[in-house]
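Close look at the chain arrangement
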Number of protein chains: 2
Amino acid sequence: MSGPAGRDGERSVSGPAVRRRARRHDPGRRDRLIDAALAVIAERGVAGTTHREIARAADVPLGSMTYHFSSLEEVLAEAFTRHADAVARVFDERLSAARDRDEAAEAVVTLVSDSLLGSPADLVLSVELYVAAARNPALRAVTQAWMARSRRALERHFDPTTARELDALIEGLVLHSALSTDPMTPEQIRHAVLRYLR
Amino acid sequence: MSGPAGRDGERSVSGPAVRRRARRHDPGRRDRLIDAALAVIAERGVAGTTHREIARAADVPLGSMTYHFSSLEEVLAEAFTRHADAVARVFDERLSAARDRDEAAEAVVTLVSDSLLGSPADLVLSVELYVAAARNPALRAVTQAWMARSRRALERHFDPTTARELDALIEGLVLHSALSTDPMTPEQIRHAVLRYLR
DNA sequence: GCCCGTTATGTACGCTCGTACACATGACTT
DNA sequence: AAGTCATGTGTACGAGCGTACATAACGGGC
């Protein structure tokens, strides 16, 4: 691809030995690769996510992928786990900070609005995860854990039935707006959430 | 694959000419191919949907795919359009049959419950469509039209704001339950819908 | 300063894919 | 009955893929 790339074919002939890219000392590369994988999934989708694409995004040689991961599936699993954890953590934090039911409702409105306005990439990642989970048990476990964690966070302020239904409403609002050319405004989000909780 | 498949290599040599599968007169094959494509998408996902896989599912030769469709993308677009139309039609019919707001609410409950219990394949198809639409403008138009049609059906009984919010709630309930190992029961669905509409 | 094993790298292999295309067939016109 | 041409079929080709693996480079324990 990039670089001079002028291989001189045989290793045994006289040539001044193969010119290799200088080896790089790079602790934490595995972590960076997982982040790069998330970036590629967000941009190209799981379908367009390949060893070569991730390696290119992280600027490492292809061989580095098979060194750090035993299969592409493993990369995807780790990447989605990281994504779900990150999203759930924010969810947890904002709801933990709320001191009563009204503040909790407002936190939900903010979370939904922010996720719509802030990072469309995260929305795409979530939907990609849903699809991947439909056929991969390991990823299904990731989504299960994520949903359970969200519900638990909501149960700090709402009864279990309300928490579950509210969780579904949140999911619908986010997904619906994400796919729409005419997404809901924060005010419309607030209206929907408060109406359900009224 | 299947069949005798004993090619005899050269066309020009003495052999008794190439043994071809009998040509089949098959009007409406194009339609069947689209249905086969939907079946393959439901089973293997868009990622696992290939010309060869669809051809195998419909029991037609590979060449038939390129004859009827100019690209794989065209097949996907037609298949998803058919899927969205079919789902929207049921939605339309059930809501048109409702004579008042209460019956409309009950129709929504039934639609959600049925789609969960009845055909998990349809749920998978919908999520696959969402992902595909995120990167394909033609498919995005399909989802837009679908959403608009659903909302219009709801607006036969509810004001526009309620219709939109209810549509989102429906989306969330369906998706959430589809991904859960512990999906909501029809009674729980009814509780959620009626609570929102109360 | 020297070894050593962990870390890192380039490349090869076998496979499946989308697509192109030359050729066969038979329904329909005349 | 013959001829035509849309329809139907088999196969080849180049590209990209996941993965394996032989080899290189170097930090750190002696």
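Residues numbered from 1 in each chain as written. Chains lettered and ligands numbered in written order. Predicted model: local features only at pLDDT ≥ 70, side-chain atom pairs only at ≥ 80, totals over all residues. Heavy atoms only, no water.

1. Observations concerning the overall build of chain A
Keep this limit in mind: Counting from the N terminus, the helices are the DSSP runs of H or I reaching at least four residues and the strands are the DSSP runs of E reaching at least two. Only protein chains enter the calculation, and the probe is 1.4 Å; a residue is then buried if its accessible area is under 20% of its type maximum, exposed if over 50%, and partly exposed in between. Contacts are assigned to residue pairs that have any heavy atoms within 4.5 Å of one another. Residue burial considers only the protein chains on display, and all accessible areas are found by Shrake-Rupley using a 1.4 Å probe.
Along chain A, the regular secondary structure elements total 9 helices and 0 strands. Order of helices (α) and strands (β) in chain A, N terminus to C terminus: α-α-α-α-α-α-α-α-α. The proportion of buried residues among the 198 residues of chain A is 43%. Expressed as a percentage of contacts within chain A between residues at least 6 apart in sequence, the contacts between residues at least 24 apart total 62%. Total accessible area on chain A stands at roughly 10600 Å², and carbon and sulfur atoms take up 53% of it.

2. Re the pattern of salt bridges
What counts is decided by this rule: When a carboxyl oxygen of Asp or Glu lies within 4 Å of a side-chain nitrogen of Lys or Arg, that pair is called a salt bridge.
For the structure shown, the criterion picks out 26 salt bridges over all chains. The residue D85 of chain A makes a salt bridge to R149 of chain A at a minimum N-O spacing of 4.0 Å. Separated by 64 residues along the polypeptide, D85 of chain A in helix α4 (residues 72–97) and R149 of chain A in helix α7 (residues 137–154) bring together distant segments of the chain. Residue classification places R149 of chain A among the partly exposed residues on the basis of a relative accessible area of 23%. For R82 of chain B, the salt bridge goes to D31 of chain B, with nearest N and O atoms at 2.9 Å. Here R82 of chain B is found in helix α4 (residues 72–97), whereas its partner D31 of chain B is found in helix α1 (residues 29–44), with 51 residues between them in sequence. Salt bridges sharing partners connect three or more residues here, namely R30, E74 and E78 of chain A.

3. Considerations on the relation of the copies chain B and chain A
This is how the line gets drawn: Only residues with pLDDT of at least 70 in both copies contribute their C-alpha atoms to the least-squares superposition of the copies.
Between chain B and chain A, the superposition needs a rotation of 180° and an axial shift of 0.0 Å, giving an RMSD of 0.1 Å. What the rotation and shift describe, once combined, is the action of a two-fold rotation axis. Within chain B, the C-alpha atom positioned nearest to the axis of rotation is that of G172 of chain B, 1.8 Å from it. A symmetric contact is evident, with 98% of the interface residues of chain B recurring at the interface of chain A.

4. A short note on helix α8 (residues 160–179) of chain B
All names here are of chain B. Keep this limit in mind: Helix span, expected: 1.5 Å multiplied by one less than the number of residues in the helix. Polar contact is the term for a pair of N or O atoms within 3.5 Å; when the atoms are in protein, one must be able to donate a hydrogen and the other to accept it, and sequence-neighboring residues count only if both atoms are side-chain atoms.
Over its 20 residues, α8 extends 29 Å from the first C-alpha to the last, a length consistent with the 28 Å expected when each residue adds 1.5 Å. Most of α8 sits inside the fold, with 17 of its 20 residues counted as buried. Regarding α8, its N-cap is D159, as a side-chain oxygen of that residue lies 3.2 Å from the backbone nitrogen of T161 further along.

5. Comments concerning the interface of chain B and chain A
To keep things clear, this is the line we draw: Buried area is calculated as the accessible area (1.4 Å probe) missing from two parts once they are joined, with the contributions of both summed. The residue classification treats Ala, Val, Leu, Ile, Met, Phe, Trp, Tyr, Cys and Pro as nonpolar and Asp, Glu, Lys and Arg as charged. All others, Gly included, are polar.
Facing the 41 residues of chain B at the interface are 40 residues of chain A. When the buried surface of chain B facing chain A is broken down by residue, R164, H176 and L179 of chain B rank first, second and third, together holding 20% of it. One can count 4 salt bridges joining chain B with chain A. The shortest N-O distance in the salt bridge between E128 of chain B and R135 of chain A comes to 2.6 Å. If you list the elements that add at least two residues to the side of chain B that touches chain A, you get α1, α6 (120–135), α7 (137–154), α8 and α9 (186–197) of chain B. Among the elements that line the side of chain B that touches chain A, the one with the most residues is α8 of chain B, at 14 residues. Partitioned by chemical class, the residues of the side of chain B that touches chain A number 18 nonpolar, 10 polar and 13 charged.

6. Things to note about helix α1 (residues 29–44) of chain A
Here α1 of chain A spans 22 Å end to end across 16 residues, near enough to the 22 Å set by a 1.5 Å rise per residue. Of the surrounding elements, those touching the buried residues of α1 of chain A are α2 (51–58), α3 (62–68), α4 and α6 (120–135) of chain A together with α6 of chain B.

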